[in-house]
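Now for the letters of each chain:
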Amino acid sequence: MPQETGYDPELGNKFVFVTGGVMSGLGKGITAASLGRLLTNAGFDVTAVKVDPYLNVDAGTMNPYQHGEVYVLKDGGEVDLDLGNYERFLDVDMTSDHNVTTGKVYQEVIERERAGDYLGKTVQVIPHVTDDIKRRIREAARGTDVCIVEIGGTVGDIEGMPYLEALRQFSHEQDEEDLLFTHVTLVPNSKNGEQKTKPTQHSVKELRSIGLQPDILVGRNPEKLDDDVREKIALFCDVDTEAVFSNPDVEDIYHVPLVLEDEGLDEYVMERLAIAEDALPADERSTEWRDIVTRDAEGEVDVALVGKYALEDAYISIHESLKHAGLEKQVDVNVHWVDADEMTDEHEERLRTADGVVVPGGFGARGTRGKIDAVRYAREHDVPFLGLCLGFQLAVVEHARNVVGLEGAHSAEIDQDTPHPVIDLLPEQYDLEDLGGTMRLGAHVTEIDEGTLAERVYDATECTERHRHRYEVNPEYIDRLTEDGLTFSGHAGNRMEIVERDDHPFFLGTQFHPEFRSRPSRASPPFVGFLDAVMERADVAAGTEVTQ
Ligand code: GLN
């Protein structure tokens, strides 16, 4: 959002640091992103930095089952899924510089040491590592009004120590009113339903022992915190009672900004950062977010997501994209996970009763047979189909095998001995060895053929979407593949980017991942097109017209 408030960024950025206490998985990232949304609504230019204290350089080689989805940025950065939440909540595009990891920091410090940059000094965590951390945070914040910095993990983790030390140093280097320390913590219920403050007290004590005093405490409990609980937390943790906020459970994460606004968190933060006077007056603040996320659904549909991870976080951007399309069309999208690895009766039933089928991206052989079966089912039964990345590739494999009759056709990634490698590395990729950082990543332009489903979906003859893949449709097979109803309607040079069928109500596959650009206010075109077809099949009327 353009700056409209007269606040001068040259005066220096404001930072809101967000740490977590007691345990992970409290929704610290959503709390931080929600605060960012509210500051954006008030007219400020907001960005975010996610600090991941693990030693990996990036999330690229991490298993989605442990960490959830690997999110891809436009510059090709493979990052923690929290960055996806920030992009969706703030409606900004970020770069890899907004994900600081211990791997990146140490790599830089060690490279500089090898290059002789430290002039014979002993290289140490303080100051060299902490200096690099501060540099990264300041650079990512440059040019914006407020930067929200979320420290991953929980206070007390060994890996997090250098970051907390860096934050402590910040408070000596910048004016008090430029920094705000927010601690998101658990306030559990006792057996008899009492809200207990002791874990919060302990975690604040831990923070204070490393020299950090929180300014704001956000207590996570299923309900709002009782007034006497807030007072007790304030007293024991040495913060103002007004600085203790509730963040109760809500049915939808997109409602968290609304709850925090009702709690007055945004006003308090702006007051403490001395930017309240620069904010748009309350009645002129953007309400677009509230309008979008509180729209009533006028129907519901069932979509089968055929994946190999029974973990919602492993496909979070797809879930969110379906939700965004649902917000646009005013329909609730129920996503039913279908285990591609084990097509039990229960999962076959889910597939059979779905109004649409999504086959997501993935790596490796596990679950491919189930995914190919799901493509076949959707093709043969005219069920709307959306294939993403590996899902696109397997749609091509299914067609090659079952329509063209190329027996044993497969992706060379999965079956190196296939007689028909319809998906393969391009010749220029044969020499790749490292698995880290060798993929085609980030935003690339796709040219879209006129008169195709893809053109109708995008309402354009070009789109720019994010990629994360190594394999491609094998150019040698294109002539044979494009008989019998299948068309490649999107291309980037000799790479096939979009596949569709002209003998089917809605069959679309993309080599790219449109889910990484979907936002609540700007649903992704392939998802909206897919949902249109799903609604038609489910006989649910559209709430609103498609606007793209
Ligand atoms: N494994 C496939 C490839 O590398 C697809 C990747 C994906 O689905 N993200 O090309």
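Here the structure is shown first, and the text comes after it.
Residues numbered from 1 in each chain as written. Predicted model: local features only at pLDDT ≥ 70, side-chain atom pairs only at ≥ 80, totals over all residues. Heavy atoms only, no water.

1. Quick word on the sheet that holds strand 5 (residues 99-101)
Whenever strands of a sheet pair, they do so through backbone hydrogen bonds, lying parallel or antiparallel.
Part 1 of the argument: One open sheet accounts for 7 strands, arranged 5-2-6-1-7-8-9; its pairing is parallel. The open sheet has two edge strands, strand 5 and strand 9 (244-246), and neither has a second partner. Shown here is a sheet whose adjacent strand axes are inclined to one another by a mean of 20°, direction ignored.
Part 2 of the argument: Pairing between strand 1 (residues 14-20) and strand 7 (residues 179-186): 6 bridges, direction parallel. Among the inter-strand pairings, Val 18 is bridged to a residue of strand 7, identified as Thr 182.
Part 3 of the argument: Here helix 4 (residues 102-114) sits on the sheet in contact with strand 2 (46-52) and strand 5, set at roughly 65° to strand 5. (Pairing = 2+ DSSP bridges. Helix = DSSP H or I, 4+ residues; strand = E, 2+ residues; numbered from the N terminus. Axes fitted to C-alpha atoms, helices over the stretch in contact; angles between N-to-C directions. Contact = heavy atoms within 4.5 Å.)

2. Some details on the packing of helix 14 (residues 368-380) against helix 15 (residues 390-404)
Part 1 of the argument: Contact pair helix 14 / helix 15: the axes reach a minimum separation of 9 Å and the direction vectors enclose 70°. The orientation of helix 14 relative to helix 15 falls into the category roughly perpendicular. Read as a crossing pair, helix 14 and helix 15 show a hand that is right-handed. Across from Thr 368, Lys 371, Ile 372, Val 375, Arg 376 and Arg 379 in helix 14, the residues of helix 15 making contact are Leu 390, Leu 394, Ala 395, Val 397, Glu 398, Arg 401, Asn 402 and Val 403.
Part 2 of the argument: Of the residues in the contact of helix 14 with helix 15, the class split is 7 nonpolar, 2 polar and 5 charged. (Parallel < 35°, antiparallel > 145°, perpendicular 65-115°, else oblique. Left-handed = near helix turned anticlockwise from the far one by under 90°. Nonpolar A, V, L, I, M, F, W, Y, C, P; charged D, E, K, R; others polar.)

3. Side note on helix 9 (residues 256-263)
Since one α-helical turn is 3.6 residues long, residues separated by three or four positions face the same way.
Part 1 of the argument: Of all the 8 residues making up helix 9, 6 are buried; the element is thus mostly covered by neighbouring parts of the structure.
Part 2 of the argument: Those residues of helix 9 that fall on the buried side of the exposure criterion are Val 256, Pro 257, Leu 258, Val 259, Leu 260 and Glu 263.
Part 3 of the argument: At its buried positions, helix 9 is contacted by helix 1 (28-41), helix 3 (81-90), strand 9, helix 10 (265-272) and helix 11 (288-293).
Part 4 of the argument: Looking at the residues trailing helix 9, positive phi occurs at Gly 264, about 85°. (Buried < 20%, exposed > 50% of the residue type's maximum accessible area, 1.4 Å probe, protein only.)

4. Regarding the pattern of salt bridges
Part 1 of the argument: Within this structure, the stated rule accounts for 43 salt bridges.
Part 2 of the argument: Across the salt bridge formed by Glu 87 and Arg 466, the nearest N and O atoms sit 2.9 Å from each other. In this pair, Glu 87 is assigned in helix 3 and Arg 466 in strand 17 (residues 462-469), connecting sequence segments 379 residues apart.
Part 3 of the argument: On the basis of relative accessibility, which here comes to 1%, the residue Arg 466 falls in the buried class. (Salt bridge = Lys/Arg side-chain N within 4 Å of Asp/Glu carboxyl O.)

5. Considering the pairing of strand 15 (residues 421-424)
Part 1 of the argument: Of the pairings in the sheet, the one linking strand 14 (residues 410-411) to strand 15 comprises 2 bridges and is parallel in character. Each residue of the ladder has a partner; that of His 410, found in strand 15, is Pro 421.
Part 2 of the argument: Inspection of the sheet shows strand 15 paired to strand 18 (residues 472-473) by 2 bridges, in the antiparallel sense. If you follow Asp 424 over to strand 18, its bridge partner there is Glu 472.

6. Observations regarding the site of the ligand
Part 1 of the argument: Surveying the vicinity of the ligand reveals the residues Gly 361, Gly 362, Phe 363, Cys 389, Leu 390, Gln 393, Glu 413, Arg 468, His 469, Arg 470, Tyr 471 and His 513.
Part 2 of the argument: Leu 390 has a polar backbone atom sitting 3.0 Å from an oxygen atom of the ligand.
Part 3 of the argument: For the ligand, a nitrogen atom lies 3.2 Å from a polar atom in the side chain of His 513.
Part 4 of the argument: For the ligand, whose unbound accessible area comes to 300 Å², protein coverage reaches 98%.
Part 5 of the argument: Secondary-structure elements contributing two or more residues to the shell around the ligand are helix 15 and strand 17. (Near = heavy atom within 4 Å. Polar contact = N/O pair within 3.5 Å; in protein donor to acceptor, adjacent residues only side chain to side chain. Areas by Shrake-Rupley, 256 points an atom, 1.4 Å probe, with all protein chains shown as cover.)

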